[in-house]
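# Geometric and topological summary
The residues making up each chain are set out below.
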Amino acid sequence: MRAREQRLYSLVIATFVVLTLFLYRYHDTFHFHITSTPSDFQGVYEFKPPFLSRNISYTVVWPSLAGTGITQAEIEDKFNRCTKVSVSRYDECRHVHARSSSYWRSVSKGSWTADEDFKRMNLASECCAFNHTELMAPAPRSELYPWEREYLSLPPLYNLSDIASADRSVIDLLTDTSDGSLTMGSDVQFKILLFNGRGERKTSGGDSVWVWLVSNELGASIAADVVDNKDGSYTASTILPWSGRVQVKATISHHRELFRINLYIQRLFTTSHWFTAKFKNNAGSETTPCSPLPFLPGFPEPEVCNLTDVNGFPWFCGKPVKKDLLNCSDFVSSKKLNSPGYYPLTEAEEELILMSETKRPFMIPNNIAISVLPAQNDTQLIPQPELPCSKRNLSFTFEDINSSGFFYNKTWRSLACQLPQVDREFLRTCLNNTQMIIIGDSNSIRQMDIITKMVGCTEKIKKTQVTWHAPWWCDVDSLGLSIKYYPPKMPFYGSMGEDLPNHVLYSSVSQLDAIPADGKYLVHLHHLLHLVPFHLSIAEHRLRLIRKAIERLMARNPHVVLVYQSAFTSFDKGIKNKPKISYFLLKLQREIFRDLGDRVMFMFTWPMTIAAENSDRHPTIANKFTKFYMGHVCGRW
């Protein structure tokens, strides 16, 4: 018996040694760092790491999957496909997938490896080497957003024939036009029925449908308000504010399956593109991956630098591997990686993304043309309201809907109030003795450009071409007017091909808190294109911090008026269609900044960009935005 026990003990030890050596050999291929206990989350998922030649599996708790329909099989199948596709196109991806951690961590010889590290991470991104549980397993937000719960409960797309087909879908006029016409000022309704590529009626909702009315010869258009009936049908309604012949247009702006793809990517990988940090001092340099969440490929949580204090908003980067030379305090700049060459998706999902980037808009064909008769007094155009927009309670702007305004003669007209003519003299009078501060992305720069040209001012800090993410300052000394633009640390964490030093970026909160308790100020805020690539919990966190700063500002200075410019729509065909989930960001923006009082305006650009059929991520109608919000805020001081 004693000899048998001894043999059993030796067998256990030998087995342990073999397993230890095996895990050490393949540690780069499957590593995980889960700090939560199984009781905290729903579901236990078995995941077979792709790229292993042996059928080894292990069990982990994945908080990111709790409450969703994403399964172990879906993740495994997509990663295996992504590996095969990337290797078939780039043979070097074979080595990347075999030891993916070594591509996210510095392994190059020498002290100065920042450039080489960046190249290796770019290759890892190109090869879809994101199979790291410390990245995918943690939940970016403990609770699912309502739209995440809705779309992530859907199965992955395997057949393009399952998506709604614009060509097969129909739109019908619901409003009675038995006499062949309608009267100006009346309401009109439409019913949209969606069918898939096989001609079958869709029986559930979730697709994004836009409807708008156009009279090209009048330079007139208006967006309709669309209700998703959740059964594959949609109801659109709007007012008819002008007389003449009106054409009806409708489109499937984004398929629900496309929303599912992007929410899936953000839920598991927190972002659709990656950023890096350069650490540098006199002894050496190194580059590591970064994110506004502490979940990074190749870096367990204890090996992550918390650079929030430096950045002004949450920002986490891998700790330098060269610990004897570099530490977290040596962070000097950010830089964006190239967009990933592949995501772990099905073939049909990749095809849908490609469709959205090349074939938009998906127009629903129709022959609906409405003859709109003048009103009884022969009025051709709905009269403007008597209330001047400068007297409108700005808190009401948070209730604006798609049909709250329209274009006529290519001029935007509000149905809630009367807009003044906003021209050079109007603005120079309005902004006399005013400090205007603009904080935001490239569309904020566009507002800066429009206003400075209208008022005619002298640059104190010129618009630089070295790094366009930089301050811009322009004064009109004779008016006591100063206009300043600041790029925020949110959302700019870096740009492709550009090392972005920390000193050129400014925290939105810090800039708002720097406004003094006296003086006449107009503040313009806008955040969109650089926020939507991340999981929207990142946007929510930042916007709530900005709201608190606005509350402090409003309490401190009674002479401040603030404009928050909303997300907009676009038929953009560019890579990744950045605005595609802007609809969900819009929900957050309206919710978070509501009820801030009569000196905070919600500049609702959504209906304007639908009615104008905007196809640019930098809308060409940006000057219409300017005139609309200036027509509201001028005259309030």
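An unreviewed UniProt entry lists the chain under the name NXPE C-terminal domain-containing protein, from Lymnaea stagnalis.

The subject of this paragraph is the pattern of salt bridges. Under the counting rule described, the total for this entry stands at 28 salt bridges. For Glu 540, the salt bridge goes to Arg 544, with nearest N and O atoms at 3.0 Å. You can see Glu 540 and its partner Arg 544 sitting in helix α14 (residues 536–556), 4 residues apart, about one turn around the helix. Residue class for Glu 540 comes out buried when judged on its relative accessible area of 13%. Salt-bridge contacts for Arg 544 lead to Glu 591; the nearest nitrogen and oxygen are separated by 2.9 Å. With Arg 544 in helix α14 and Glu 591 in helix α15 (residues 582–593), this pair connects stretches of sequence that are 47 residues apart.

Let us look at helix α5 (residues 114–126). The terminal C-alpha atoms of α5, which comprises 13 residues, lie 18 Å apart, in line with the 18 Å expected from a rise of 1.5 Å per residue. When α5 is considered as a whole, its buried residues turn out to be Ala 114, Asp 117, Phe 118, Arg 120, Met 121, Asn 122, Leu 123, Ala 124 and Ser 125. On its buried face, α5 sits against α3 (93–98), α4 (101–104), β11 (275–280), β12 (285–291) and β15 (331–336). Phi for Cys 128, located one or two positions after α5, is positive at around 65°.

In this structure, the amide linkage connecting Arg 360 to the following residue, Pro 361, adopts the cis form with an omega of 0°. Along the polypeptide, Pro 361 turns up in the loop between α10 (347–358) and β16 (362–363). Positioned with a positive phi, Lys 410 is a non-glycine residue whose angle comes to about 60°. Here Lys 410 lies in the loop between β18 (405–408) and β19 (411–414). At Asn 433, a position not held by glycine, the phi torsion is positive, near 55°. Looking at where Asn 433 falls in the secondary structure, it is placed in the loop between α11 (424–430) and β20 (435–440). With a relative accessible area of 51%, Asn 433 lands in the exposed category.

What follows deals with the environment of Asn 282. Here Asn 282 is to be found in the loop between β11 and β12. Using a relative accessible area of 79% as the deciding quantity, one classes Asn 282 as exposed. Between the alpha carbons of Asn 282 and Leu 326 there is a distance of 9.6 Å; along the sequence they are 44 residues apart.

If you look at the biggest cluster of nonpolar residues, it comprises 126 residues, and the most contacted ones within it are Phe 190, Val 211, Leu 512 and Ile 550. Setting aside its immediate chain neighbours within four residues, Val 211 contacts Ile 171, Phe 190, Ile 192, Ala 223, Ala 224, Val 226, Ala 236, Val 248, Lys 249 and Ala 250. Core analysis: the second largest hydrophobic core is formed by 40 residues, Leu 419, Met 448, Cys 474 and Cys 634 among them.

Turning our eyes to something else, we now look at the pairing of strand β9 (residues 233–239). Taking burial as the measure, the 7 residues of β9 include 6 buried ones, the bulk of the element. Note: strand β5 (residues 187–196) against β9, 7 bridges, orientation antiparallel. Looking across to β9, one finds that Asp 187 is bridged to Ile 239. Examined bridge by bridge, strand β8 (residues 225–228) and β9 share 4 bridges and lie antiparallel to one another. Within the sheet, the bridge partner assigned to Asp 225 lies in β9 and is Ser 237.

Most of strand β26 (residues 560–565) is tucked away: 6 of the 6 residues are buried. By the alternation rule, side chains of β26 split into Val 560, Leu 562 and Tyr 564 and Val 561, Val 563 and Gln 565, which are all buried. Relative to β26, strand β25 (residues 521–526) runs parallel, the two sharing 6 bridges. Among the inter-strand pairings, Leu 522 is bridged to a residue of β26, identified as Val 561. The parallel pair β25 and β26, bridged by α14, forms a crossover whose chirality is right-handed. Sheet topology note: the β26/strand β27 (residues 600–603) ladder contains 4 bridges and is parallel. Within the sheet, the bridge partner assigned to Tyr 564 lies in β27 and is Phe 602.

Attention now moves to the sheet that holds strand β3 (residues 164–173). Strand order across the open sheet formed by 4 strands is β3-β5-β9-β8, with antiparallel pairing between neighbours. At either end of the open sheet lies a strand with only one pairing partner, and these are β3 and β8. Across the sheet, the mean angle from the axis of one strand to that of its neighbour is 25°, orientation sign disregarded.

This part is about the state of the cysteines. Each disulfide consists of one covalent bond between the sulfur atoms belonging to two cysteines. All chains considered together, the criterion is met by 7 disulfides. Covalently, Cys 82 is tied to Cys 128 through a disulfide, its sulfur atoms 2.2 Å apart. In this structure, the disulfide formed by Cys 82 and Cys 128 twists by about 130° around the S-S bond and is classed as right-handed. Of the two residues, Cys 82 sits in helix α2 (residues 72–89) while Cys 128 sits in the loop between α5 and α6 (133–136), which places them 46 residues apart along the sequence. Each member of the pair, Cys 82 as well as Cys 128, carries the same accessibility label: buried. A sulfur-sulfur distance of 2.0 Å marks the disulfide that ties Cys 290 to Cys 317. The sign of the 110° torsion about the S-S bond sets the Cys 290-Cys 317 disulfide as right-handed. Placement of Cys 290 in strand β12 and of Cys 317 in strand β14 (residues 316–318) is noted, with a sequence separation of 27 residues between them. In this structure Cys 317 comes out as buried when scored by relative accessible area, which is 0%.

This paragraph deals with the packing of α14 against α15. In the contact formed by α14 and α15, the axes pass within 10 Å of each other and the chain directions differ by 25°. Considered as vectors, α14 and α15 are oriented roughly parallel to each other. Handedness of the α14/α15 crossing: right-handed. Contact residues: Leu 536, Ala 539, Glu 540, Leu 543, Arg 544, Ile 546, Arg 547 and Ile 550 in α14; Phe 584, Leu 585, Leu 588, Gln 589, Glu 591, Ile 592 and Phe 593 in α15. Of the residues assigned to the contact of α14 with α15, the class counts are 10 nonpolar, 1 polar and 4 charged.

Right, let's talk about the confidence of the model for the chain for a bit. Confidence in the prediction for the chain averages 87 pLDDT; 87% of positions are at 70 or higher. Every residue in residues 12–60 scores below 50 in pLDDT, and together they form 82 contacts with partners more than four places removed in sequence or on other chains.

Under the defined criterion, the tally for this structure stands at 24 aromatic pairs. Each ring, one from Trp 147 and one from Phe 584, has its centre 5.4 Å from the other, and the planes form 20°; the classification is stacked. Here Trp 147, found in helix α7 (residues 146–151), pairs with Phe 584, found in helix α15; they are 437 residues apart in sequence, far enough to count as distant. A single burial state applies to Trp 147 and to Phe 584, both of which are buried. For the ring pair Phe 398 and Phe 602, a centre distance of 5.1 Å and an interplane angle of 25° mean the geometry is stacked. Of this pair, Phe 398 sits in the loop between β17 (369–373) and β18 while Phe 602 sits in strand β27, and the two are 204 residues apart along the sequence. The same class applies to Phe 398 and to Phe 602, which are both buried. An aromatic cluster of at least three residues, connected via ring pairs, comprises Tyr 145, Trp 147, Tyr 151, Trp 210, Trp 212, Phe 259, Phe 571, Tyr 583, Phe 584 and Trp 606. Its end group placed over the ring of Tyr 264, Lys 78 keeps NZ or CZ at 4.0 Å from the ring centre. Sitting over the face of the ring of Phe 118, Lys 335 holds its NZ or CZ atom 4.4 Å from the ring centroid.

Thresholds applied
- Residues numbered from 1 in each chain as written.
- Predicted model: local features only at pLDDT ≥ 70, side-chain atom pairs only at ≥ 80, totals over all residues.
- Heavy atoms only, no water.
- Salt bridge = Lys/Arg side-chain N within 4 Å of Asp/Glu carboxyl O.
- Helix = DSSP H or I, 4+ residues; strand = E, 2+ residues; numbered from the N terminus.
- Buried < 20%, exposed > 50% of the residue type's maximum accessible area, 1.4 Å probe, protein only.
- Expected span 1.5 Å × (residues − 1).
- Contact = heavy atoms within 4.5 Å.
- Core = buried A, V, L, I, M, F, W, Y, C linked by side-chain atoms within 4.5 Å.
- Pairing = 2+ DSSP bridges.
- Right-handed = clockwise from strand over helix to strand, strands pointing away.
- Axes fitted to C-alpha atoms, helices over the stretch in contact; angles between N-to-C directions.
- Disulfide = S-S within 2.5 Å.
- Parallel < 35°, antiparallel > 145°, perpendicular 65-115°, else oblique.
- Left-handed = near helix turned anticlockwise from the far one by under 90°.
- Nonpolar A, V, L, I, M, F, W, Y, C, P; charged D, E, K, R; others polar.
- pLDDT = per-residue confidence, 0-100.
- Phe/Tyr/Trp six-rings, centres within 6.5 Å; stacked < 30°, edge-to-face > 60°.
- Lys NZ or Arg CZ within 6 Å of the ring centre and 35° of its normal.

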